[in-house]
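What follows is the residue order along each chain.
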Amino acid sequence: MANQNLRHANKAKKDEFYTQLTDIEKELNHYKEQFSGKVVLCNCDDPRVSNFFYFFYARFHSLGLKRLIATCYKNLNPDLFSQNKDEQAVYCIYDGEDRVDNVIIDRDKFIKQNKWETLRGDGDFRTPECIELLKQSDIVVTNPPFSLFREFVDQLVKYDKKFLIIGNVNAITYKNCFQLIKENKMWMGCSIHSGDREFAVPDDYPLEAAGYRIDETGKKYIRIKGVRWFTNLDYKERHEDLVLCKKYNPEEYPKFDNYDAINIDKTANIPMDYEGIMGVPITFLDKFNPEQFEIIDGLNRYSILDVAGTNQWAIANHLHMTSVNGHSTYYRILIKNKKQ
Ligand SMILES: C[S@@+](CC[C@H](N)C(=O)[O-])C[C@H]1O[C@@H](n2cnc3c(N)ncnc32)[C@H](O)[C@@H]1O
């Protein structure tokens, strides 16, 4: 039992990494006018530490927000976080009463003002009191726990919310996320398309991975690969055509063994003149313009959505949908060029 609790504690601790203000700023710069008159909810965010909360708190008036709400989750099982027994899940509702616009926020001063109230439960985004706050909001902006990303997205869709959230690039292949992407109801944000990002972690974070750093004040950071913004807020760059330079030839672009589509290993190699279905890496979505391409389905061992064209015989015989000349590739998104 003790071991199991320790494992739970370590898993829960690994969800504790905090987004840097610069990453939030770089993305939010693309949507400024869409926040005017809106209620923003950061529902995985402790107002005492979250940079999401501080970002909107500092820019409340320049963005013209109507209200800012933050709620945070605290694991209330005393066995898991014995050293944190006193911590409680809190929420904060800010209506712009003190004008702190465009100043560097003094967090100690904010904390002394004690602007938050205690939640009745543990602050899980799925609890009734948190859902009540979600219903009152227009746009959800946060970095939810990766392990609950599917449920988090489902809840946003259920309550018909605008959102701008951080997730792992592999979430593209989750059935619910992929369906939204195909239907042009969710897409990748604007500012992160490659590489890794640095996140702050608590002092007792288990640092066993490579790529961590401790700054001069002793604060710990880890670098995480494959981070992306997921959103249904529009921005102009996603309507720009991807420039295509290559021409199709059957030798360079073989077909999948069990699906009538050509395989393309790099987005930059999409041919300008192919009319049929093309299988591209999931990072294609970083360049995806819905006016230029149509998304048909996604392939891995099986097809993600199982739309028309899937080879049922191959599935029944346990053959990989992405194999090319007997070798399976990684996930592929099936697309068609609308301008052909
Ligand atoms: C990746 S961290 C990001 C924290 C903060 N949003 C940020 O970006 O700095 C995910 C946060 O979600 C919280 N969390 C975990 N499970 C949750 C749940 N069921 N409901 C709400 N928040 C949860 C964790 O405590 C953690 O602080």
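Structure: above.
Residues numbered from 1 in each chain as written. Predicted model: local features only at pLDDT ≥ 70, side-chain atom pairs only at ≥ 80, totals over all residues. Heavy atoms only, no water.

**Student:** Teacher, can you tell me more about the sheet that holds strand E13 (residues 262–263) here?
**Tutor:** Pairing between the strands of a sheet is mediated by backbone hydrogen bonds and can be parallel or antiparallel. Taken in spatial order, the four strands make up an open sheet running E13-E14-E18-E15, and their pairing is mixed. Strand pairing shows two members of the sheet lacking a second neighbour, E13 and strand E15 (293–299), which therefore form its edges. (Pairing = 2+ DSSP bridges. Helix = DSSP H or I, 4+ residues; strand = E, 2+ residues; numbered from the N terminus.)

**Student:** Please clarify how the site of the ligand should be interpreted in this entry.
**Tutor:** Neighbouring the ligand are 19 residues; Asp 15, Glu 16, Thr 19, Asp 45 and Phe 125 lie closest to it. Contact distances for the ligand include 3.0 Å between a nitrogen atom and a backbone N or O atom of Cys 44. Residue Phe 125 places a main-chain N or O atom 2.9 Å away from a nitrogen atom belonging to the ligand. Coverage of the ligand by the protein chains reaches 95% of its 580 Å² of free accessible surface. Looking at the shell around the ligand residue by residue, the classes come out as nine nonpolar, five polar and five charged. (Near = heavy atom within 4 Å. Polar contact = N/O pair within 3.5 Å; in protein donor to acceptor, adjacent residues only side chain to side chain. Areas by Shrake-Rupley, 256 points an atom, 1.4 Å probe, with all protein chains shown as cover. Nonpolar A, V, L, I, M, F, W, Y, C, P; charged D, E, K, R; others polar.)

**Student:** Could you clarify how one ought to interpret unusual backbone geometry in this entry?
**Tutor:** Leaving glycine out, the prevailing phi sign among residues is negative, and the prevailing peptide bond configuration is trans. Of note, the phi angle at Asp 160 is positive, near 55°, even though the residue is not glycine. You can see Asp 160 is positioned in the loop between helix H7 (149–158) and strand E7 (162–168). Phi is positive for Asn 184, close to 60°, though the residue is something other than glycine. Within the secondary structure, Asn 184 is located in the loop between helix H8 (175–182) and strand E8 (187–188).

**Student:** Sorry if this is basic, but what is going on with the environment of Phe 230 here?
**Tutor:** For Phe 230, the location among the structural elements is in strand E12 (residues 227–231). Accessibility expressed as a relative area gives 0% for Phe 230, which makes it buried. Each C-alpha atom, one on Phe 230 and one on Phe 163, is 7.8 Å from the other, the two residues being 67 residues apart in sequence. (Buried < 20%, exposed > 50% of the residue type's maximum accessible area, 1.4 Å probe, protein only.)

**Student:** Help me understand the packing of helix H2 (residues 21–28) against helix H3 (residues 51–58) in this model?
**Tutor:** A pair of packed helices is captured by two measures, namely the crossing angle of their axes and the spacing between those axes. Between H2 and H3, the least distance of the axes is 9 Å, while the angle of their chain directions is 55°. Taken together, the axis directions place H2 and H3 in an arrangement best described as oblique. You can see that H2 and H3 cross each other, and the crossing is right-handed. For the pair H2 and H3, the contacting residues are Leu 21, Ile 24, Glu 25 and Leu 28 in the first and Asn 51, Phe 52, Phe 55 and Phe 56 in the second. Looking at the contact of H2 with H3 residue by residue, the class counts come to six nonpolar, one polar and one charged. (Axes fitted to C-alpha atoms, helices over the stretch in contact; angles between N-to-C directions. Parallel < 35°, antiparallel > 145°, perpendicular 65-115°, else oblique. Left-handed = near helix turned anticlockwise from the far one by under 90°. Contact = heavy atoms within 4.5 Å.)

**Student:** How do you make sense of the side chain of Asn 51 when you look at a structure like this?
**Tutor:** Following the sequence through the fold, Asn 51 ends up in helix H3. Ignoring sequence-local partners within four residues, the contact set of Asn 51 consists of Thr 19, Gln 20, Leu 21, Ile 24 and Arg 107.

**Student:** Is there a simple way to explain the packing of H7 against H8 in this structure?
**Tutor:** Contact pair H7 / H8: the axes reach a minimum separation of 9 Å and the direction vectors enclose 45°. The orientation of H7 with respect to H8, classified from their angle, is oblique. Mapping the contact onto sequence places Phe 149, Arg 150, Val 153, Asp 154 and Val 157 in H7 and Asn 176, Cys 177 and Leu 180 in H8.

**Student:** I would appreciate a short explanation of the pairing of strand E3 (residues 67–71) in the present structure.
**Tutor:** Successive residues of a regular strand alternate their side chains across the two faces of the sheet. Of all five residues making up E3, four are buried, and the element is well covered by its neighbours. In the sheet, strand E2 (residues 39–42) pairs with E3 via four bridges, with the strands oriented parallel. Looking across to E3, one finds that Cys 42 is bridged to Ala 70. Here E3 pairs with strand E4 (residues 90–94) via four bridges, running antiparallel. Each bridged residue has a counterpart across the sheet, and for Ile 69 the counterpart in E4 is Ile 93.

**Student:** Sorry, what's going on with H3 here?
**Tutor:** Every α-helical turn comprises 3.6 residues, leaving residues that sit three or four positions apart pointing alike. Taking burial as the measure, the eight residues of H3 include eight buried ones, the bulk of the element. Among the residues of H3, those classed as buried are Asn 51, Phe 52, Phe 53, Tyr 54, Phe 55, Phe 56, Tyr 57 and Ala 58. Two or three places before Phe 52, at the start of H3, stands the capping residue Ser 50, its side-chain oxygen 3.0 Å from that residue's backbone nitrogen.

**Student:** Help me out: how do you make sense of the packing of aromatic side chains in this one?
**Tutor:** The description of an aromatic ring pair uses the distance of the two centres, along with the angle that the planes make with each other. Evaluated as defined, the whole model comprises 17 aromatic pairs. Each ring, one from Phe 284 and one from Phe 293, has its centre 5.3 Å from the other, and the planes form 80°; the classification is edge-to-face. A relative accessible area of 0% places Phe 284 in the buried class. Residue classification places Phe 293 among the buried positions, given a relative accessible area of 1%. (Phe/Tyr/Trp six-rings, centres within 6.5 Å; stacked < 30°, edge-to-face > 60°.)

**Student:** Hey, could you run me through the pairing of strand E6 (residues 139–142) in this one?
**Tutor:** Residues Ile 139 and Val 141 of E6 are buried on one face, and the alternating residues Val 140 and Thr 142, pointing to the opposite face, are buried as well. Direction of pairing for E2 relative to E6: parallel, over a ladder of two bridges. Looking at E6, one finds that Val 40 is bridged to Ile 139. As defined by bridge partners, E6 adjoins E7 across four bridges and the pair is classed as parallel.

**Student:** What is the right way to read the pattern of salt bridges from this model?
**Tutor:** Oppositely charged side chains can pair when the atoms bearing their charge come close. In the structure shown here, the tally under the stated rule is 18 salt bridges. With a closest N to O distance of 2.6 Å, Arg 59 and Glu 25 form a salt bridge. Of this pair, Arg 59 sits in the loop between H3 and helix H4 (60–63) while Glu 25 sits in helix H2; the two residues are 34 residues apart in sequence, bridging distant segments of the chain. For Lys 236, the salt bridge goes to Glu 237, with nearest N and O atoms at 3.8 Å. The exposed category is assigned to Lys 236, whose relative accessible area is 62%. (Salt bridge = Lys/Arg side-chain N within 4 Å of Asp/Glu carboxyl O.)

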